[in-house]
Amino acid sequence: MKKITISLTVNGEPRQVLAEPREQLVDLLRRELMLTGTHVGCEHGVCGACTVEIDGAPARSCISHAGSCDGASVRTIEGFGEDAVMADLREAFSHEHALQCGYCTPGMLVVARDVVLRLPEADEARVREEMAGNLCRCTGYRGIVRAVLRVLAARRLHA
Amino acid sequence: MTAEQGGLGVGASLRRKEDARFLHGRGRFVGDITRPGMLEVAFLRSPVAHAKLRSVTKPAGAEKSVFTLADLPGVQTIRANSALPGFRVSEQPALAKGKLRHVGEAIAACVAETRAEAEDLAGACVLDYEALPAVHDMLAAPLPTSPLVHEAWSMNAFLETRRDDDVSGLDAIAVAKVTRTLRTSRQCMAPIEGRGVLAEWDPRLEQMIVTTSTQMPHVTKTGLADCLGLDEGQVRIVSPDVGGGFGYKGILLPEEIVCASLAMQLGRPVRWLEDRYEQLTASANCREHHYVITAWADREGKLLGVECEATVDAGAYSSYPFGACLEAAQVGSILPGPYILPLLRCHTISACTNKPPILPYRGVARTGVCYAMETTLDALARKLGISAEAIRLANLVPPNAMPYRNLVGKVFDSGDYPESLRRAVAAFDLDTIRARQARGEVVGFGLATFCEQGAHGTSVYHAWGIPFVPGFEQAHVRLSPDGVLEVRVGVHSHGQGMETTLAQVAHEILGVHPDKVRVVHGDTALTPYSTGTWGSRAMVMAGGAVAEACRQLAERVGAIGAALLQVAATDVEVIGGMVRRRDNDGAVSIADVARTWYRAPQNLPPGVNKGGLEVTAGYRPDPDTGTHSYACHAAVVRVDTETGAVVIEDYLIVEDGGKLVNPMIVDGQVLGGLAQGIGTALYEEMPYDAAGQPLAATLADYLLPGTSDVPDVRLDHMETLSPWTTFGQKGIGESGAIGPPGAIVNAINDALAPLGAEVTDLPASPPRVLAAIQAAQAARR
Amino acid sequence: MKPASFSYVRPNSWPEALKLVAAGARPGAGTQSLGPLLNLRLAQPDTIADLRHLPDYAGVAVEGGVVRIGAGTTHAAIEDGAVPGRVGEIMAGVARGIAYRPVRNRGTIGGSLAHADPAADWVAVLPALGGAAVALGPRGERRIASAGFVKGIFETELAADELLRAVEVPVLPAEARWGHWKFCRKVGEFSKATACFLALPGKAPRAVLAALDWPPLVIEDASMLAKDPVAEAARIVTAFPELGAWRRALAETALRRAVERAGGA
């Protein structure tokens with residue numbers, strides 16, 4: 001199958017890549033752009049390991065095919081360098097021991113950041129509901145939930 | 001407990017050194033690594049559970065890109081033998097040979113520039129096979145009427161074991177007797193990262209370098225060299241960041257053998273990454289047990305004896321290195337649990353079926369055995385009209401009996417088992433729960449107590465006679481010229497935080513700041529041989545070895561430091577990263593000593609140890625029969641009697657892991673295990689149909705617990721040191737996964753007791769819970 | 001788990017999209033349902049026509065008592081209040097329960113409805129709300145009542161040369177009483193039984209029973225269910241012996257609880 005050219009902005013940089021039309025975004029990011037922080041977990045949209053931001057909103061990169069992202073702006077775990085919320089989350093994740101093997105962590109952080117920004121009043125039950133689409137096999141989730149709540153609480157305090 | 005507290009050494013909740021790279025997406029997993037000219041592999045896998053394989057027709061024009069076993073000259077069969085009498089060893093070919101024995105068994109490797117193209121090739125192959133009846137039911141498998149999975153065998157069983165205490169007199173003297181038939185479902189361990197293998201041949205070193213997601217790089221090296229006909233020096237295993245193990249990656253994979261063979265043959269790096277579909281359909285490989293268990297007790301609930309007929313579905317092959325019997329053959333030795341049991345009669349079968357070969361999953365046999373024992377105890381308590389707490393208190397080994405040798409010869413090192421139970425029960429307001437029940441609420445309280453043997457040593461494993469026996473664990477430490485300490489271990493850390501905890505151990509002995517300690521693991525070329533990370537052993541064994549190596553290093557450092565301070569070696573001590581005169585009249589830093597050894601050897605004292613600042617030291621606890629951590633799990637659940645759904649309202653674990661090297665990390669291990677145990681208790685199940693087809697092909701069908709399914713658990717620690725280990729630490733990595741099925745189902749059954757209903761099979765899924773309720777309703781009519 | 005080869009086309013206009021579909025292209029919207037099927041190679045289209053960039057594909061308009069929701073409107077947009085009024089409130093609540101937010105950010109109401117998975121949320125809810133699916137074909141738009149739009153598992157009333165252009169729901173009065181209950185073993189999982197109940201002033205209540213492995217059962221006059229939910233729910237589910245005891249119990253429970261959530265009769 002003839003390759004197609006895909007132009008997109010990745011982590012703030014305009015990129016142009018050749019891809020097979022069948023390629024999903026996650027494979028494009030990992031193979032062509034060597035952004036391996038985004039992980040492949042289930043390839044059917046359930047586990048959340050591949051979650052990235054597309055046009056500012058979290059999305060599953062394993063079931064968003066690359067062609068449909070032509071013209072889009074994509075941000076991966078590598079692209080949150082100066083972001084204050086992400087910095088707070090990273091600190092809180094480490095503090096609350098919210099990661100073990102680290103495989104689910106990038107997707108978890110992308111979703112957590114969205115929860116913090118979109119639902120500033122979220123309580124524990126809501127955080128658990130919102131994070132339910134990201135599976136972690138190591139931590140039992142307590143640290144993850146507490147880390148998100150910690151960042152929410154700190155932001156409410158300083159709001 | 002998350003804050004750093006009280007120092008940096010053993011006992012400190014130090015934040016993890018490894019966090020930073022994962023939080024920034026800089027972990028390096030097998031799938032993140034590529035090589036120039038690398039080819040991707042997709043496997044053509046068996047679509048059927050049992051068949052004679054007649055032929056594979058390769059796609060026209062792509063014959064050279066598809067490899068069957070015949071195309072892999074010299075590759076040997078995997079044989080995971082056992083010395084246990086009567087064991088039947090299976091021959092597991094790297095790619096199917098003449099027969100297909102389970103759905104997902106690899107038949108051919110298809111090689112292409114991309115995985116998608118490799119899958120295209122696999123899809124274009126044509127299989128010719130003659131289907132045979134599938135051996136799908138472990139209870140029917142051993143019967144003479146069953147077709148044979150391995151033709152040369154006389155029955156579909158890897159092994160039978162028996163212990164034959166005479167329980168015939170118990171009916172006459174017991175006040176209560178219960179019998180239960182219980183079942184646990186087949187599960188898939190489902191680490192979020194699947195397996196992955198990248199094989200490349202280094203012509204300069206004449207070495208096969210395999211980067212693979214494994215918990216036991218050295219054992220994989222030994223097995224792989226065997227199967228490839230190479231000497232062990234010609235194989236190097238690199239295990240980079242590993243996205244979860246849990247036992248799933250404690251195996252020599254057929255795929256490792258195939259990829260290595262292909263890389264040698266093709267002269268190009270070859271990579272295979274397991275996808276989720278493969279994982280679920282080809283590798284649901286743990287936990288499937290069946291029990292018929294009878295227990296007798298006196299009026300107080302004291303156990304008089306237990307009789308158990310246990311069957312474990314061990315699948316089609318004996319996996320390397322643990323073999324097919326680690327579950328069933330341990331049932332008899334684990335059944336007594338933390339209790340004083342006078343008599344045990346137990347017969348076990350490791351049934352051979354047309355399913356993926358069984359592997360030891362976190363908790364190994366204990367999760368099922370604890371479930372069987374704990375639910376049976378509750379049934380006894382209900383019959384006797386005593387509480388779940390009372391029946392356990394009547395049987396738990398008391399602290400003054402420690403160390404305690406039980407009837408099967410297991411030796412418990414230390415602990416106050418009854419206290420863990422009392423603390424757990426005291427943490428709940430049982431009156432409120434009983435009042436809610438009286439109002440008709442379907443809520444219940446359940447307990448499970450157990451102990452977990454960890455760090456099994458030579459004395460335990462030599463009798464198994466499997467491909468490895470753990471001996472002395474070794475660690476290598478090296479002080480660099482700049483004073484940085486490198487610690488090299490053969491165990492592998494894949495979430496356990498050993499890059500931090502082993503640095504804490506080194507700090508404890510030498511006082512080098514953990515930031516200045518680099519723990520190196522996951523590469524057979526860089527680390528001493530080890531059986532790897534399994535059986536809750538790493539912090540006991542590698543922790544002990546690192547401590548011992550650091551102690552020996554401290555002696556050498558002290559001798560040089562004393563010379564620099566111009567005093568006798570006996571007049572200094574190594575403490576806080578310094579060599580200090582005991583009279584406090586001067587000190588030099590360890591870094592100064594290192595600089596002297598490497599850069600100013602002219603200043604070394606005469607007679608200095610020529611071994612320098614590198615030490616390899618070995619460690620084994622004495623006795624090495626293993627540590628026993630123990631715990632009490634307690635759950636409150638609510639049952640929706642209209643749907644069968646169960647909600648965990650509250651969950652508490654009282655746990656004793658001896659000295660906790662890093663309490664924060666221990667909590668993480670317990671909590672993570674708990675979530676997996678909740679999966680076993682309520683969610684996870686790989687059903688097979690009568691044709692041996694797995695019926696849950698995606699994570700929408702195979703349910704893993706998520707954030708909303710695991711409660712905000714309460715943890716309480718006791719800390720009874722093990723008298724046998726370096727710091728008193730005990731293996732505790734699997735513990736969290738052992739108790740939940742027992743505690744949760746006991747809570748469900750407590751809730752359902754007024755309805756006369758009882759759940760016996762795992763997971764206690766809504767259909768099963770509702771069926772139990774409906775059966776009780778029908779029985780009342 | 002990589003898709004079989006296909007070509008990817010991004011039509012710029014609706015007529016172009018229709019031409020592609022008529023020629024056999026598989027329409028793709030957010031691909032949150034199609035993506036997994038592609039990866040598992042359960043769907044192997046030659047061509048995917050990506051509708052996401054068509055003019056006016058997403059968006060909501062109210063006209064004459066009808067809310068027209070562009071087929072490409074995402075679940076997340078609906079969750080966040082893109083649909084105004086009482087019906088929007090109802091739909092926002094439903095949307096929040098669809099899969100997970102990252103899926104809702106890409107998945108669309110039209111894509112989900114056209115995919116016609118019996119367990120999907122809009123498949124159950126839209127027939128209860130009333131209104132229609134707006135199909136666009138070579139001869140223009142036509143309306144298909146939501147109640148009959150899904151006619152089988154993964155099967156709709158859309159003709160082979162038609163695309164789902166929009167979904168229409170009626171503007172509902174503030175007093176509209178709504179009850180919706182579904183059984184998922186986990187947050188975001190597919191439902192194993194869904195029921196909806198809508199009572200409008202002066203009209204017979206409507207109910208839907210769905211997620212039962214076949215098209216939704218629409219009960220146009222659910223007065224009996226409102227009056228005696230226990231007996232009527234039990235009666236309704238006896239029609240489905242093939243469901244098995246557990247799913248029947250769920251279906252019965254779903255009906256009762258939907259009525260209850262609507263505030264009873």
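No experiment lies behind these values; they were computed from the predicted model shown. (Residues numbered from 1 in each chain as written. Chains lettered and ligands numbered in written order. Predicted model: local features only at pLDDT ≥ 70, side-chain atom pairs only at ≥ 80, totals over all residues. Heavy atoms only, no water.)

(A) Representation of the overall build of chain C within the structure. Each helix and strand in chain C was counted, giving eleven helices and 14 strands. Taken over the C-alpha trace, chain C has a radius of gyration of 18 Å; the compact-globule value for 265 residues is 18 Å, and the two agree within 12%. Based on the C-alpha atoms only, the size of chain C along its principal axes is roughly 55 × 45 × 30 Å. In chain C, which comprises 265 residues, the proportion classed as buried is 59%. Residue pairs at least 24 apart in sequence account for 60% of intrachain contacts in chain C once pairs closer than 6 positions are excluded. Accessible surface for chain C amounts to roughly 9800 Å². Of this, 53% is attributable to carbon and sulfur atoms. One finds the centroid of the 31 positive side-chain charges in chain C at a distance of 5 Å from the centroid of its 26 negative side-chain charges. (Helix = DSSP H or I, 4+ residues; strand = E, 2+ residues; numbered from the N terminus. Rg over C-alpha atoms; globule rule 2.2 N^0.38 Å. Buried < 20%, exposed > 50% of the residue type's maximum accessible area, 1.4 Å probe, protein only. Contact = heavy atoms within 4.5 Å. Areas by Shrake-Rupley, 256 points an atom, 1.4 Å probe, with all protein chains shown as cover. Lys, Arg positive; Asp, Glu negative; His and termini not counted. Charge placed at Lys NZ, Arg CZ, Asp CG, Glu CD.)

(B) Expanded view of the sheet that holds strand E4 (residues 99-100) of chain B. All names here are of chain B. On the basis of which strands lie adjacent, the open sheet formed by three strands has the order E4-E2-E6 and antiparallel pairing. Each end of this open sheet is capped by a strand with a single partner; those strands are E4 and strand E6 (126-131). Looking at chain direction, strand E2 (residues 51-57) and E4 are connected through two bridges and run antiparallel. Looking across to E4, one finds that Ala51 is bridged to Leu100. (Pairing = 2+ DSSP bridges.)

(C) Local environment of the pairing of strand E3 (residues 47-50) of chain C. Residues and elements named next belong to chain C. Residue alternation in E3 divides its side chains into two sets, Thr47 and Ala49 and Ile48 and Asp50, and both sets are buried. Relative to E3, strand E1 (residues 7-9) is paired through three bridges, and the arrangement is parallel. In the strand pairing of E3, Val9 is matched with Ala49. Alignment of strand E2 (residues 26-28) against E3, held across three bridges, turns out to be parallel. Bridging across to E3, Gly28 finds its partner in Asp50.

(D) Main features of the nonpolar core. Of all hydrophobic cores here, the largest spans 224 residues; its most connected members are Phe93 of chain A together with Leu335, Val639, Leu682, Ile744 and Ile748 of chain B. Ranked by residue count, the leading element in this core is helix H8 (residues 365-384) of chain B, at eleven residues. Apart from the residues within four sequence positions on either side, Ile748 of chain B is in contact with Val637, Val639, Val646, Leu682, Val759 and Ala764 of chain B. Core analysis: the next-biggest nonpolar cluster, separate from the first, contains 49 residues, Ala128, Leu136, Val208 and Ala210 of chain C among them. (Core = buried A, V, L, I, M, F, W, Y, C linked by side-chain atoms within 4.5 Å.)

(E) Local environment of the interface of chain B and chain A. Each partner contributes to the interface: chain B provides 54 residues, whereas chain A provides 45 residues. Counting the surface lost from both chain B and chain A, the interface buries some 4100 Å², and carbon and sulfur atoms represent 54% of this. For the chain B face of the interface with chain A, the top three residues by lost area are Leu23, Ile192 and Thr707 of chain B, together amounting to 20%. Where chain B meets chain A, there are six salt bridges. Of the charged contacts in the structure, one is a salt bridge between Asp120 of chain B and Arg22 of chain A, with a shortest N-O distance of 2.7 Å. Between the two partners, chain B and chain A, sit 25 residue pairs in polar contact (both at pLDDT 80 or more). Residues of the side of chain B that touches chain A, tallied by class, amount to 25 nonpolar, 17 polar and twelve charged. (Buried area = accessible area lost by both parts, 1.4 Å probe. Salt bridge = Lys/Arg side-chain N within 4 Å of Asp/Glu carboxyl O. Polar contact = N/O pair within 3.5 Å; in protein donor to acceptor, adjacent residues only side chain to side chain. Nonpolar A, V, L, I, M, F, W, Y, C, P; charged D, E, K, R; others polar.)

(F) Structural detail: the pairing of E2 of chain B. Examined bridge by bridge, E2 of chain B and E6 of chain B share six bridges and lie antiparallel to one another. When the bridges of E6 of chain B are listed, Ser55 of chain B appears paired with Asp128 of chain B.

(G) Representation of the pattern of salt bridges. Enumeration according to the criterion identifies 91 salt bridges over all chains in this entry. Residue Arg118 of chain A is joined to Asp114 of chain A by a salt bridge in which the shortest nitrogen-to-oxygen separation is 3.0 Å. Note that Arg118 of chain A and Asp114 of chain A are positioned in helix H3 (residues 105-118) at a spacing of four residues, about one turn of the helix. Exposure remark for Asp114 of chain A: the relative accessible area of 14% places this residue in the buried category. It is possible to trace a salt-bridge network through shared partners that takes in Glu20 and Arg22 of chain A, Arg45, Arg115, Glu119, Asp120, Glu255, Asp275 and Glu278 of chain B together with Arg41 of chain C.

(H) How the structure looks around the domain arrangement of chain A. Residue and element names in this part refer to chain A. Looking at the assigned domains, one finds that chain A contains domain 1 (4-79) and domain 2 (84-158). Each of domain 1 and domain 2 has a C-alpha centre, and these two points are 22 Å apart. Taken together, the contact pairs 14 residues of domain 1 with 14 residues of domain 2. Carbon and sulfur atoms make up 57% of the surface buried where domain 1 meets domain 2, a total of about 1100 Å² over both sides. Taken together, the links from domain 1 to domain 2 amount to one salt bridge. Here Glu53 and Arg113 are joined by a salt bridge, their closest N and O atoms 2.8 Å apart. The interface formed by domain 1 and domain 2 holds seven residue pairs in polar contact (both at pLDDT 80 or more) in total. Contributions of two or more residues to the side of domain 1 that touches domain 2 are made by strand E3 (51-54) and strand E4 (57-60). By residue class, the composition of the side of domain 1 that touches domain 2 is seven nonpolar, four polar and three charged. (Domains from an automatic or database assignment.)

(I) The packing of aromatic side chains, seen in detail. All names here are of chain B. Scanning all chains against the criterion turns up 19 aromatic pairs over all chains. Note on Tyr461 and Phe468: the rings are 5.9 Å apart at their centroids and 10° apart in plane angle, and the pair reads as stacked. With relative accessibility at 5%, the residue Tyr461 sits in the buried group. A network of ring pairs unites the aromatic residues Phe322, Tyr461, Trp464, Phe468 and Trp534 as a single cluster. Geometry around Tyr248 places Arg195 over its ring, the cationic atom sitting 3.8 Å from the centre. (Phe/Tyr/Trp six-rings, centres within 6.5 Å; stacked < 30°, edge-to-face > 60°. Lys NZ or Arg CZ within 6 Å of the ring centre and 35° of its normal.)

(J) The arrangement of the interface of chain C and chain A in detail. Listed by partner, the interface residues are 31 residues for chain C and 35 residues for chain A. Counting across the chain C and chain A interface gives three salt bridges. The shortest N-O distance in the salt bridge between Glu43 of chain A and Lys2 of chain C comes to 2.8 Å. Linking chain C with chain A are 18 residue pairs in polar contact (both at pLDDT 80 or more). At the level of secondary structure, the elements contributing two or more residues to the side of chain C that touches chain A comprise E1, helix H2 (34-39), E3 and helix H5 (101-104) of chain C. Of the residues forming the side of chain C that touches chain A, the biggest block, four residues, is contributed by H5 of chain C. For the side of chain C that touches chain A, a count of residues per class yields eleven nonpolar, nine polar and eleven charged.

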